[in-house]
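Inside the fold
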Amino acid sequence: MGETVDQYQLGWSAFWDRYLEDSSIQSFVRVIARHKGAYSAMTASGQLLNCFLSGKIQRGSVSNADLPTVGDWCKITDIFSNGGNEPAAKIIEVLPRKSKITRLLAGTEADEQVLAANIDIVFVVTSINRDFNINRLRRYVLLAEHGDARPVIILSKADLLDNPSEILEELNRVFPKVEYIMTSSISLSGIEQVEKLLSSGTSAVFVGSSGVGKSTLVNTLLSEKVQKTQEVRADDHRGKHTTSSSGLFFTSNGGIIIDTPGLREVQVVADNDELDRMMPAVGSLAVTCKFTNCTHTNEPECAVRAALTQGSLQEEELQSYTKLERELAFSKRKLDERVANDERKKWKKATTQNRQRNDQS
Ligand SMILES: Nc1nc2c(ncn2[C@@H]2O[C@H](COP(=O)(O)OP(=O)(O)OP(=O)(O)O)[C@@H](O)[C@H]2O)c(=O)[nH]1
Ligand SMILES: [Mg+2]
Ligand SMILES: [Zn+2]
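Note that the structure is predicted; figures quoted are calculated from it, not measured. Every chain is numbered on its own, with residues counted from 1 as its sequence reads. The order in which chains are written sets their letters, starting at A; the order in which ligands are written sets their numbers, starting at 1. Note on the predicted model: pLDDT of at least 70 is required for a residue's local features to be given, and 80 or more for side-chain atom pairs to be given and counted; whole-chain, interface and lining totals, by contrast, use all residues.

Here we take up unusual backbone geometry. We note that Lys157 has phi near 60 degrees; this positive angle belongs to a residue other than glycine. Tracing the backbone through its elements, the reader meets Lys157 in the loop between strand S9 (150–156) and helix H2 (165–174). Its identity as a non-glycine residue notwithstanding, His296 has a phi of 60 degrees, on the positive side. Helix and strand labels come from DSSP, where a helix needs a run of H or I of at least four residues and a strand needs a run of E of at least two; each type is numbered from the N terminus. Tracing the sequence through the fold places His296 in the loop between helix H6 (280–286) and helix H7 (303–310).

Following this line, the structure appears as structure tokens:
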């Protein structure tokens, strides 16, 4: 990116203007990449900085989700020189996020992982041949909706399928409101359509399984190979990730694109009404069942089973809805547990400190 940038080209919007009342725009950077223990970030005038966390937001003192991530706008200290390397600064605050793409990180202590922040468009990439799976798409679309970003489905590797009509029909039926673009990085079909969505200052993230061609698309849009891609035999590619961390780049039109590592599983975090909005056929029916807690199995006057019998609802839709509903409940429970745990720890720490203070006096 050239040197004559302004904050809007870097994705700044009126959403953060209140921060400019106390500090100049030079105190803010956008995170471009995350490394072990440090961040690459760019100032509003296009200067690259090597950023470290200040004591206030060290790992361990804030939850994982509150640490800076790619796409974040952060407030920094004054820039200092870093012995011959890139100029450096410390990050003192992560500005509130306009939107964020998160998933649940499973583990002993479940936590939310923010894959990218302040995103306008989520390109949900699926290859049109092997990877295509409607349920997986539903989860990614939900991820975008929950994150307050606009989902756009990319059907990659269009060159590998002669007749996509069946897939397109299904897409139109399942996601009547979600835009989709068929692309090929070989014939370059669809690339212009993607570019059109990436006007100056617009931020987009590419998500999807490993091997679907996210980095290849990023390279194509940048017309240079900045991201390493998988070299051979894409279709045998299982669980081997080529991209290992997220990175932010600028297209020649000024669009801002973020490549992410392929996800093996997306454990979605979302609200039930977001699910209902994505799957209105089931969502709106369920509220008309006689019992509010209807499980749609054997209750009387069940609107969902009636619709199944009539054929206005597909069994597949109901199953997918029920599964997602369970998954959302699981994520919510995990995150609630985590919040309760954090509270307990904070409380314990405070009482220990109090006791020590009392002992000393
Ligand atoms: N035929 C065809 N192959 C493609 C296309 N796009 C990408 N590929 C191939 O698919 C393989 C995987 O591409 P990558 O771009 O590395 O996939 P990725 O989604 O970035 O994968 P991870 O970084 O592991 O998440 C490579 O061998 C690409 O050459 C396409 O449009 N058509
Ligand atoms: Mg990649
Ligand atoms: Zn019911």
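Having seen the model, we can carry on.
Turning our eyes to something else, we now look at the nonpolar core. Nonpolar core, as used here: buried Ala, Val, Leu, Ile, Met, Phe, Trp, Tyr and Cys residues forming one set through C-beta atoms within 7 Å. Any residue with 12 or fewer other C-beta atoms within 10 Å of its own C-beta is exposed, any with 20 or more is buried, and the rest are partly exposed; the C-beta atoms used are placed from the backbone. The biggest cluster of nonpolar side chains holds 76 residues, and the ones touching the most others in it are Ile101, Val122, Phe123, Val124 and Val205. With 6 residues, helix H1 (residues 134–146) is the largest single contributor of residues to this core. Excluding anything up to four places from it in sequence, Ile101 contacts Val114, Leu115, Ala116, Ile119, Val122, Leu143, Ala144, Gly147, Ala149, Val205 and Val207. Throughout, a residue-residue contact means that the two C-beta atoms, derived from backbone geometry, are no farther apart than 7 Å.

For the rest of this paragraph, the subject is the confidence of the model for the chain. Per-residue confidence from the prediction method is given by pLDDT, with values spanning 0 to 100. Residues with a pLDDT of 70 or more make up 93% of the chain, whose mean pLDDT is 87. With pLDDT under 50 throughout, residues 233–239 is counted as low confidence; its partners more than four residues away or in other chains account for 7 contacts.

A few words on the site of ligand 1. Residues are counted as near a molecule or strand when the C-beta atom, derived from backbone positions, lies within 6 Å of that molecule or strand. Surrounding ligand 1, one finds 22 residues, the nearest of these being Gly213, Ser215, Thr216, Thr243 and Gly262. The biggest single contributor to the shell around ligand 1 is helix H4 (residues 214–222), with 3 residues. Under the scheme applied, nonpolar residues are Ala, Val, Leu, Ile, Met, Phe, Trp, Tyr, Cys and Pro; charged residues are Asp, Glu, Lys and Arg; polar residues are all the others, including Gly. Grouping the amino acids of the shell around ligand 1 by side-chain chemistry returns 5 nonpolar, 14 polar and 3 charged.

A few words on the environment of Ser252. Along the chain, the position of Ser252 falls in the loop between strand S12 (247–250) and strand S13 (256–259). Through-space distance from the C-alpha of Ser252 to that of Ser199 is 9.7 Å; in sequence the pair is 53 residues apart.

Moving on, we get to the pairing of strand S3 (residues 48–53). Taking every second residue as pointing to the same face, the buried face of S3 carries Leu49, Cys51 and Leu53, while none of Leu48, Asn50 and Phe52 on the other face is buried. With 4 bridges joining them, strand S2 (residues 38–43) and S3 adopt antiparallel strand pairing. Paired with Met42 across the strands is Leu48, a residue of S3. When DSSP finds two or more bridges between a pair of strands, those strands are recorded as paired. Counting the residues that bridge the hairpin from S2 to S3 gives 4 residues, and of these Gly46 lies at a positive phi of roughly 95 degrees. As paired elements, S3 and strand S5 (residues 88–94) share 4 bridges and run parallel to each other. Bridge pairing in S5 places Phe52 opposite Lys90.

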